[in-house]
Structure formats: structure tokens, C-alpha cells
Amino acid sequence: MAKKAPPPSHELDAARSAARNTDSGPATPAPAAAGKGDPPTRKAVDTQALVAGMKSNANKPLEHGEAHAATPPVGVTVSPPSRLTGVSTLSEQNFSGKTGTAALEGVNATIDTLDRVRVDSAGQKLTTNQGVAIADNQNSLKAGARGPALLEDFILREKLTHFDHERIPERIVHARGSGAHGFFECYEPLTKFTKAAPFKEAGKVTPVFVRFSTVAGERGSKDTARDVRGFAVKFYTDEGNWDLVGNNMPVFFIQDAIKFPDLVHAVKPEPHHQMPQAASAHDTFWDFVSLMPESTHMLMWLMSDRAIPRSYRMMQGFGVHTFRMVNEDGESVLVKFHWQPKLGTHSQVWEEAVKISGADPDFHRRDLWEAIEAGEYPEWELGLQVFTEQQAEQFSFDILDATKIVPEELVPVQLVGRMVLNRNPDNFFAETEQVAFCTAHIVPGLDFTNDPLLAGRIHSYVDTQISRLGGPNFHELPINAPVAQVHNNQRDGMHRQAIHRGRVAYEPNSLAGGCPFQAGAAQGFTSVARRIDAKASADKFRIKPEKFADHYTQARLFFESQSEAEKAHIGNAFRFELSKVTVPAIRERMVASLINASPELAARLAQDLGMDLPAPLPKALEHPATPEVRSSPALSLLARPGDGSIRTRKVAVLIAQGVEGASLGKVVSALVAAGAVPRLISARLGTCVGIGGENFAADATMENAPGFLFDALVLPDGAGAVEALDADAHTLEFVRTQYWHCKTILALGASQALLSEAQIPMTLPDGGADPGLILADAADSDAAIADFIRAIGMPRHFGRENNPPKPAT
């Protein structure tokens with residue numbers, strides 16, 4: 001056999017160069033020869049070989065059904081080609097008296113005897129935390145015996161600062177949040193289904209506090225990251241607090257809470273260099289989910305436009321899990337919770353979200369605050385999917401599986417009330433930051449199901465709040481305190497606020513007349529005695545029901561239910577995220593998994609990522625049940641465009657000296673009358689004088705308020721103004737950005753020349769008229785203004801996406 005020729009030197013050099021990047025990687029593995037004598041490339045070669053050795057999670061089929069429950073298999077492992085694959089940093093070889101050497105193979109030194117951390121200060125001098133000996137620990141440094149303390153006293157500052165900061169970390173997930181107060185109003189009594197306080201009578205009003213959040217980022221991260229959004233509602237009912245803690249997506253990545261730490265560790269910044277922040281486009285996340293095919297359905301949602309909402313006010317919310325409702329007779333039904341925004345479901349396009357994150361990382365927080373301050377109160381309707389256990393048994397999927405939805409075609413959503421947010425917090429820390437939600441907080445009339453992910457959340461949330469808020473009395477913080485009376489025998493603990501009268505703190509008692517006494521079944525909370533029967537046996541196993549093994553049917557349902565534009569966005573999102581992966585084998589595994597959900601999507605990704613289409617990933621369940629629904633229009637964002645209103649939409653109106661004032665005034669007045677927020681934008685702040693002597697005050701500039709922050713654009717008439725705008729380089733960028741992001745543009749009279757200058761096509765790629773591009777003479781502006789307002793209220797004009805404007809030549 002002829003000896004294979006070694007790779008040419010330029011390929012070796014390219015591979016060595018690529019191995020030094022941390023945010024992207026080549027489409028194909030580096031040649032092994034490139035790693036000789038070059039540790040970064042050797043690490044990339046060995047890592048590729050290691051990952052490629054695990055084509056799939058071979059144990060996945062063994063997680064389902066009782067047949068395998070008693071004998072769980074040994075985890076799948078692959079031996080690394082070298083120790084380089086597990087290294088955090090190649091510089092570990094550089095020894096110092098502080099860092100020491102590399103970790104011992106297979107050893108966790110932190111579980112050595114406690115001698116490694118014991119401190120004995122006998123015979124030692126008192127020091128600062130930096131090891132500096134302290135001469136005097138009795139007195140602050142002062143300017144004279146009776147003078148003021150000095151700022152230069154670093155010993156005092158270190159001691160007090162450390163003491164002051166010994167508590168309250170941020171949330172591990174959902175750290176970046178925004179909140180508001182409001183109310184929930186019930187439409188009609190739901191006593192047929194539940195005795196829960198908020199649903200007892202028509203018109204009943206329950207105070208609420210809502211916190212929206214991103215999941216992956218830290219407190220200081222950006223609002224517009226591609227991410228799941230938290231949607232948590234605290235109902236202050238007259239029978240206690242009920243927390244409906246959900247997301248803006250109805251499914252989740254995992255089926256069992258025991259995998260939650262793995263998921264979060266994978267999606268958080270990689271621990272060796274703490275990148276990327278608030279993003280999932282990196283190796284560890286895709287490595288994890290490509291080995292967890294149950295995540296496929298959630299990945300479709302995460303890669304869709306729902307992961308980059310236009311506003312918190314324009315996204316749905318879901319309870320995710322299946323819950324129970326219980327009526328006065330103890331009869332129960334199963335229920336899924338949905339929040340439907342009155343403004344419709346709207347999103348951003350990716351490039352727009354990226355730009356906004358740089359110009360205004362507080363975009364969603366600011367949007368929510370400004371809307372409430374302006375009296376434009378966000379509103380959602382609460383929808384329920386109610387069904388029986390008998391119905392659930394007939395579904396092709398398991399309703400205890402948090403990676404599945406109940407399609408609306410099977411169980412329609414019935415709207416039962418509305419929620420309005422009408423008051424911003426007075427203090428962000430005291431309210432939004434200290435609010436503590438917990439899935440365990442429910443009231444009589446509601447109950448849990450055996451969802452294994454929900455079971456873990458019931459425990460984890462309480463545990464988290466005790467850690468974050470300094471002790472077990474976090475419920476006494478004002479934002480968490482219920483409006484219902486609290487009487488129990490709990491005492492003491494850190495930060496206790498209540499001062500109890502008397503000496504009794506136990507039950508039963510006679511010294512307090514038996515009080516407080518247990519309420520009994522008629523008035524107190526009782527759990528439903530019989531939960532969903534999953535063929536329960538007397539044995540206890542770590543298992544999942546058989547239907548949980550269908551990982552792809554609903555992912556396919558979601559993808560096939562999207563419009564062509566939305567499908568393209570999902571493909572673009574996967575392409576971007578996977579292009580950031582540095583290990584080709586992870587990309588290959590992920591695409592192999594997606595073949596099972598959508599061969600069309602997988603084939604496109606393989607082409608876009610410069611790779612051959614791999615064989616499909618083995619399925620945990622080769623022959624899943626036939627799905628009842630193959631396409632669900634309700635899963636598309638376009639299914640909920642809203643009522644066409646443009647209230648609170650921000651419209652950029654470009655102005656300059658010599659603007660045609662009559663038509664411009666009409667546009668601004670019409671927008672204000674429609675509830676929009678037009679902003680007059682010029683090259684500089686100040687007054688622009690119109691042809692007729694009108695004064696228009698610019699309150700923003702194209703520099704400090706770039707085009708991607710706005711929902712629509714108005715270009716004015718007036719030859720002098722158009723000439724001045726054309727002379728400013730920001731103008732054409734403003735126009736192109738609005739067009740590229742599929743937004744509505746109104747060009748009056750002479751300003752149509754700016755469209756030509758920016759090389760904006762006058763028609764869609766298919767030759768049809770562009771409904772988002774409205775041209776009119778100033779004299780005939782009335783009809784054009786009406787068309788403009790109507791077009792703003794529509795979904796984005798995605799028909800133009802395949803033909804973005806070319807840069808000016």
C-alpha cells in the first residue's frame with residue numbers, strides 16, 4: 001500500500017493557528033502531524049480524538065423501563081489519548097511556590113485529610129489577609145488622638161469590608177432579572193376545577209409580583225442574549241402565596257432534576273477561562289446536549305426567535321410542568337398554564353439583538369420600566385389546558401415529561417383571566433433582587449404531579465433562598481411576605497422580624513389554648529391522595545417511563561410548525577452556535593442528533609458548517625408512538641401577532657434643517673394618536689427649522705440612538721433636509737439597519753433618494769411589493785401614514801431577508 005503523503009506545510013500552519021483560538025474552530029479535524037511539538041495543536045488533535053470516540057450515549061436506551069432499573073449500567077467512558085485533553089491551561093507546566101505543579105492523575109486533593117486546611121496560629125503574629133503583620137489591632141489610624149479616622153487605614157478597611165461582604169451571593173441561574181407589581185383578575189369562577197383562591201369568583205383581583213429574567217447570564221450580563229427567559233409570578237392570595245415559576249418556553253432541556261447541575265455547569269461560562277458570558281455558543285453546552293437527545297425539543301425553541309424576544313411584554317409564559325387543580329369535592333384534573341401577551345408575540349432578529357446588546361445592554365429592563373412609567377401597562381391573559389388522567393393516558397407522550405408539550409390541537413387553551421403590571425418597584429434590591437420564588441409555594445386547590453423535574457425544583461428553590469438571603473426567614477422580607485396571616489410555631493433564625501407574644505412554640509399545647517391549631521382538610525392544604533399511576537410497583541428504582549425515551553417527535557413537531565422564515569432563523573441560530581464550537585466531533589454529534597428531528601435542517605447545517613452529513617444518532621426509542629399532531633400552527637410566533645396596535649412602539653423620525661414640516665407634523669401626530677413613541681433624531685441635538693418656519697426639536701442623535709433600537713423609521717421630505725441627512729454617514733447605516741432587520745420604513749417625497757443611495761431594493765426578492773416599504777409624496781401622505789401604522793403592527797417583513805442591502809460603493 002502506498003504511503004500517505006504528509007499534509008502540506010500550509011495546512012499544518014493553518015491547523016496550529018486555529019488551535020490558538022478560543023471562540024471558533026475549523027470544520028474538519030486538525031491533521032495529527034500538526035500536533036508534533038506544538039502543545040495547543042496536540043491538545044486540539046487529542047480532544048477531537050477523545051470526543052469522536054463517543055459517537056452517542058449508548059446507555060440512553062437503558063434509562064427507560066423497569067427491565068433495566070435494577071441493574072444500572074456503568075457509565076460510558078473513553079480513554080483520553082493524553083493528559084492534555086483534561087488540562088485547564090497549557091501553562092500548568094510552569095511551576096511556582098504558589099501554583100505548584102499539575103494535578104495528580106485521578107486524584108481530588110481537596111478530599112485529602114483536613115490537615116490541608118487546618119490553621120494553627122499558636123506563636124504566630126496577627127496579619128492582614130495579604131500576610132502583612134499588624135502592629136496594632138486595637139485602634140484605627142487617626143489624625144491625632146481625637147482627630148478623624150483616615151481613609152489610608154487599609155487594615156481597618158480590609159477588616160470591615162470583609163465583614164460587610166460575608167453574605168448574599170447572586171442567583172446561580174436567573175441572576176439577571178427585572179420585576180414589576182400588578183394584579184390578576186379572574187374572568188369567571190373556575191370552581192368546577194379548583195378551589196384555589198384566585199379563581200373562586202368572577203372579577204376577583206389578586207395582587208401579583210412578576211420577575212422576568214435571563215437564565216444563563218450573571219447579574220451584569222446583557223438583556224438581549226439568546227437565552228431562555230424566566231417568567232415567575234407571585235400571587236399574594238388571601239389563602240397564602242402561590243408562585244407560578246415558569247419560562248417563556250413550555251418545555252425544558254432535561255427530564256429529571258438530577259441532571260440540572262450538569263445542564264447549568266455546561267451552559268455557564270467554561271470554568272478554565274470564564275467565557276462566554278450569557279451565551280450557549282460554546283463547546284461544553286453543545287457537548288452536553290449532543291449527548292442528551294432529550295434536549296432536542298428544547299433546542300428547537302432555544303434556536304428559534306423566541307429566544308430573542310422584542311420585549312418582556314411581547315413574550316408568552318408557561319408553567320412548563322403539568323400541575324393539578326383540585327375542587328371542593330376533592331376531585332382533581334391536570335392542568336398546563338399559559339400566559340398570552342395582549343401585545344402579541346414579537347421578537348428581534350439576531351443581528352439587531354447583537355447590536356442592541358452593545359448600545360443598550362439594559363434594553364428589556366428599560367423597555368418594561370418605561371412602559372409602566374408611561375401608563376402603558378403590560379397585560380397578559382392566563383390560559384389553561386385542562387384534561388383528565390384518562391385523557392393523558394391516551395396521549396402518545398407522557399405528560400410527566402417536561403420535554404414535551406400538550407399540543408393545543410389536543411387540548412385547547414381556555415383563557416380564564418388577565419394580569420396587568422401597573423407599578424414599578426420602589427427599590428430594585430429590596431424587591432426585584434430579594435424576591436424569592438419557589439415551586440413549592442402553592443395554595444389549597446392546586447397540587448403537584450409526579451414530574452421528576454418538578455420534584456427536584458420543589459426542594460432546590462427553598463434551599464437556594466436560604467443560602468442567598470441569609471437564613472430561613474427570607475419569607476419575612478417585605479417583598480416575600482404574604483397578604484394572608486401567618487401563624488405557626490417557627491422561631492428564631494437569622495434576620496427574624498416577628499416578635500411573638502407568649503411562651504408557646506409547639507403543638508399540641510394547652511398553655512395557648514391549643515393555638516395555633518391545624519386547619520383540617522376542609523380549610524387547609526391537602527395533597528391529592530392518588531397521583532398518576534405509572535404502573536407503580538412496591539420496589540423503588542431510578543428509572544424513567546418508557547414514553548420519556550421519545551426525544552425527537554415533538555422537536556420535529558415544533559420545527560415543522562414554523563413559517564419558512566422562522567425555520568430559516570432556527571437554522572441560522574444553530575449554524576452560529578455550532579460554528580463557535582472548537583471540537584468538530586461535537587458539531588458532528590449534534591448534527592447527527594438533529595437528523596432524527598429534521599433531516600432538512602441537519603442537511604442544511606452540514607453544508608453550512610462545511611462537513612459531511614453524518615449518520616443519524618442512535619435513538620433511545622426506535623419506534624415511538626404515532627403522534628396525534630404533526631403540525632401545530634399555534635407554535636409559530638406568527639400565530640399571535642396581537643391586535644395590530646402599535647402602542648409603545650418606538651419610531652425613529654429623522655430630521656434636519658429644511659425639512660418639509662407639514663407632512664412631518666402629520667406623521668408625528670398620527671403616531672402619537674396611535675400610542676406609539678416617535679423620537680425626532682438628527683445629527684445633533686437642537687432645533688431644526690422646517691421649510692415653513694416650523695420648529696422641530698431633536699431629542700436624540702443618530703450617534704446615541706442607532707437605528708436598531710427602533711421599531712420603524714420615517715424619512716422626511718424636503719430637499720435641504722435630505723441633502724443634509726445624505727451628508728451624514730450615520731443616515732445610510734440607519735436606513736440599511738432598519739431594512740436589514742425587516743422593519744417598516746416610510747419615505748416621504750425627496751427622501752426616497754436616500755433609499756436609492758442606501759441600495760434598498762424597491763421590491764421583494766420574488767418581485768412582489770414590499771409591504772414594509774411605504775413611499776409617498778408629502779402632499780398625499782394621509783393614506784401612506786395609515787399604511788405605515790398598519791405595517792408597524794404587523795410581524796416583521798421577513799420576505800426581504802434573503803436579499804439584504806449591499807454596502808454602499
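Here the structure is a predicted model, which means the values were calculated and not measured. (Residues numbered from 1 in each chain as written. Predicted model: local features only at pLDDT ≥ 70, side-chain atom pairs only at ≥ 80, totals over all residues. Heavy atoms only, no water.)

Caption draft 1: Quick peek at the overall build of the protein chain. Along its length, the protein chain carries 20 helices and 18 strands. In terms of overall dimensions, the protein chain is globule-like: its C-alpha atoms have a radius of gyration of 30 Å, near the 28 Å expected for 809 residues. On the principal axes, the C-alpha backbone points of the protein chain span a range of 85 × 85 × 85 Å. Taking all 809 residues of the protein chain together, 48% fall into the buried category. When contacts within the protein chain are restricted to residue pairs at least 6 apart in sequence, long-range pairs at least 24 apart make up 74% of them. By element, 54% of the accessible surface of the protein chain is carried by carbon and sulfur atoms, the whole surface being about 38,700 Å². Averaged over its 80 positive side-chain charges, the protein chain has a centre that lies 5 Å from the centre of its 96 negative ones. (Helix = DSSP H or I, 4+ residues; strand = E, 2+ residues; numbered from the N terminus. Rg over C-alpha atoms; globule rule 2.2 N^0.38 Å. Buried < 20%, exposed > 50% of the residue type's maximum accessible area, 1.4 Å probe, protein only. Contact = heavy atoms within 4.5 Å. Areas by Shrake-Rupley, 256 points an atom, 1.4 Å probe, with all protein chains shown as cover. Lys, Arg positive; Asp, Glu negative; His and termini not counted. Charge placed at Lys NZ, Arg CZ, Asp CG, Glu CD.)

Caption draft 2: Summary view of the packing of helix α4 (residues 260-267) against helix α5 (residues 283-290). Interhelical geometry of α4 versus α5 gives an angle of 145 degrees and a closest axis separation of 7 Å. Judged by residue contacts, Asp262, Leu263, Ala266 and Val267 of α4 engage Thr284, Phe285 and Phe288 from α5. Split into classes, the residues belonging to the contact of α4 with α5 amount to five nonpolar, one polar and one charged. (Axes fitted to C-alpha atoms, helices over the stretch in contact; angles between N-to-C directions. Nonpolar A, V, L, I, M, F, W, Y, C, P; charged D, E, K, R; others polar.)

Caption draft 3: The arrangement of helix α13 (residues 564-579) in detail. With 16 residues, α13 extends 22 Å from end C-alpha to end C-alpha; this agrees with the ideal 22 Å at 1.5 Å per step. Of the surrounding secondary structure, the elements contacted by the buried residues of α13 are α5, α6 (296-302), α12 (553-560), α14 (584-595) and α15 (599-608). (Expected span 1.5 Å × (residues − 1).)

Caption draft 4: Representation of the layout of surface pockets. Roughly 1,100 Å³ of internal volume is contained in the second largest pocket. In this structure, the second largest pocket is lined by 29 residues; those nearest its centre are Glu239, Gln485, Val486, His487 and Asn488. In terms of residue class, the lining of the second largest pocket is made up of 13 nonpolar, twelve polar and four charged. (1 Å grid on protein atoms, 1.4 Å probe; cavity = no way out; pocket = protein on both sides within 12 Å on 5 of 7 lines; lining within 4 Å. Points joined across faces, edges and corners; volume = space filled by probe spheres on them.)

Caption draft 5: Structural view of the pairing of strand β17 (residues 744-748). The element β17 is largely enclosed, with a buried count of five among its five residues. Side chains Thr744, Leu746 and Leu748 project from β17 onto one buried face, and the interleaved Ile745 and Ala747 project onto a second face that is buried too. As paired elements, strand β16 (residues 712-715) and β17 share four bridges and run parallel to each other. Looking at the pairing, Ala712 lines up with Thr744 of β17. (Pairing = 2+ DSSP bridges.)

Caption draft 6: Seen up close, unusual backbone geometry. With an omega of -5 degrees, the peptide bond running from Met275 to Pro276 counts as cis. Of note in the backbone geometry, Thr648 takes a positive phi value of approximately 75 degrees without being a glycine. Mapped onto the elements, Thr648 comes out in the loop between α15 and β11 (650-654). According to the relative accessible area criterion, Thr648 is buried, its value standing at 9%.

Caption draft 7: Expanded view of the side chain of Thr47. Secondary-structure assignment places Thr47 in helix α2 (residues 39-52). Beyond its immediate sequence surroundings of up to four residues, Thr47 is in contact with Thr85 and Val583.

Caption draft 8: A look at the pattern of salt bridges. Evaluated as defined, the whole model comprises 43 salt bridges. In this structure, Arg20 and Asp38 form a salt bridge, with 2.6 Å as the shortest nitrogen-oxygen distance. Of this pair, Arg20 sits in the loop between α1 (9-18) and α2 while Asp38 sits in the loop between α1 and α2, and the two are 18 residues apart along the sequence. Glu352 is the partner of Arg796 in a salt bridge, and the nearest nitrogen-oxygen pair spans 3.0 Å. Taken together, the residues span a long stretch of sequence, with Arg796 in the segment after α20 (781-792) and Glu352 in helix α7 (residues 350-359) at a distance of 444 residues. Where salt bridges share partners, they join Arg176, Asp223, Asp360, Asp362 and Arg366 into one cluster. (Salt bridge = Lys/Arg side-chain N within 4 Å of Asp/Glu carboxyl O.)

Caption draft 9: Layout of the pairing of strand β18 (residues 773-776). One ladder, built from four bridges, connects β17 with β18; its direction is parallel. If you follow Ile745 over to β18, its bridge partner there is Leu773.

Caption draft 10: Looking closely at the packing of aromatic side chains. In this structure the tally under the stated criterion is 24 aromatic pairs. Each ring, one from Phe184 and one from Phe235, has its centre 5.6 Å from the other, and the planes form 75 degrees; the classification is edge-to-face. Of the two residues, Phe184 is situated in strand β1 (residues 177-186) and Phe235 in strand β3 (residues 229-237); the sequence distance between them amounts to 51 residues. With a relative accessible area of 0%, Phe184 lands in the buried category. One aromatic cluster in this structure is built from Phe184, Phe199, Phe212, Phe231, Phe235, Trp242, Tyr312, Phe323, Phe337, Trp339 and Trp380. In this structure, Lys234 packs its charged tip against the face of Phe437, placed 5.2 Å from the ring centre. (Phe/Tyr/Trp six-rings, centres within 6.5 Å; stacked < 30°, edge-to-face > 60°. Lys NZ or Arg CZ within 6 Å of the ring centre and 35° of its normal.)

Caption draft 11: Region of the structure containing the nonpolar core. In this structure, Phe253, Phe285, Trp286, Met300 and Phe574 are the most contacted members of the largest nonpolar core, which totals 59 residues. Looking at this core, the element that brings in the most residues is α14, giving seven residues. When near neighbours in sequence (up to four residues on either side) are disregarded, Phe285 contacts Phe253, Leu263, Ala266, Val267, Ser280, Leu299 and Leu302. Ala656, Tyr739, Leu746 and Ile789 belong to the second-largest nonpolar core, a separate cluster that totals 53 residues. (Core = buried A, V, L, I, M, F, W, Y, C linked by side-chain atoms within 4.5 Å.)

Caption draft 12: Just the side chain of Ser280, in detail. Take Ser280: it is sitting in the loop between α4 and α5. In this structure Ser280 comes out as buried when scored by relative accessible area, which is 3%. A polar contact is formed between the side chain of Ser280 and the side chain of Glu577, at a distance of 2.8 Å. (Polar contact = N/O pair within 3.5 Å; in protein donor to acceptor, adjacent residues only side chain to side chain.)

Caption draft 13: Structural view of the packing of helix α16 (residues 661-673) against α20. At a minimum axis separation of 10 Å, α16 and α20 run at an interaxial angle of 35 degrees. As α16 runs across α20, the sense of the crossing is right-handed. Residues Ser663, Lys666, Val667, Ala670 and Leu671 of α16 form the contact with α20, whose own contacting residues are Ser781, Asp782, Ile785, Phe788, Ile789 and Ile792. Here the residues of the contact of α16 with α20 sort into seven nonpolar, two polar and two charged. (Left-handed = near helix turned anticlockwise from the far one by under 90°.)

Caption draft 14: Structural context of the environment of Arg736. Along the chain, Arg736 falls in helix α18 (residues 729-740). Here Arg736 falls in the buried class, since its relative accessible area comes to 13%. On a C-alpha basis, the gap between Arg736 and Ala758 in space is 6.4 Å, while along the polypeptide they are 22 residues apart. Polar contacts involving the side chain of Arg736 include one to the main-chain carbonyl oxygen of Ala758, which spans 3.4 Å.

Caption draft 15: Here's a closer look at the confidence of the model for the protein chain. Within the protein chain, residue pLDDT values average 89, and 94% of them lie at 70 or more. Taken together, the stretch residues 534-538 has pLDDT below 50 and engages in two contacts with residues farther than four places along the chain or on a different chain. (pLDDT = per-residue confidence, 0-100.)

Caption draft 16: Structural view of α1. Of the positions making up α1, those classed as buried are Leu12, Ala15 and Ala18. All buried residues of α1 lie within an arc of 130 degrees about the axis, which places them on one face of the element. Of the exposed residues in α1, the ones pointing more than 90 degrees away from its buried face are Ser9 and His10. Tucked inside the fold, the buried residues of α1 contact α2. (Arc of directions from axis to C-beta.)

Caption draft 17: The arrangement of the sheet that holds β11 in detail. Taken in spatial order, the six strands make up an open sheet running β15-β12-β11-β16-β17-β18, and their pairing is parallel. Looking at which strands have only one partner, the edges of the open sheet turn out to be β15 (700-701) and β18. Those strands touched by α16 are β11, β12 (677-682), β16 and β17, and its axis lies near 145 degrees from that of β12.

Caption draft 18: Empty space enclosed by the protein, seen in detail. Across all of its chains, the model carries eight cavities of 30 Å³ or more by this definition. Looking at the largest cavity, its volume works out to about 220 Å³. Taken together, 21 residues form the lining of the largest cavity, with His346, Ser347, Met794, Pro795 and Arg796 sitting closest to its centre.

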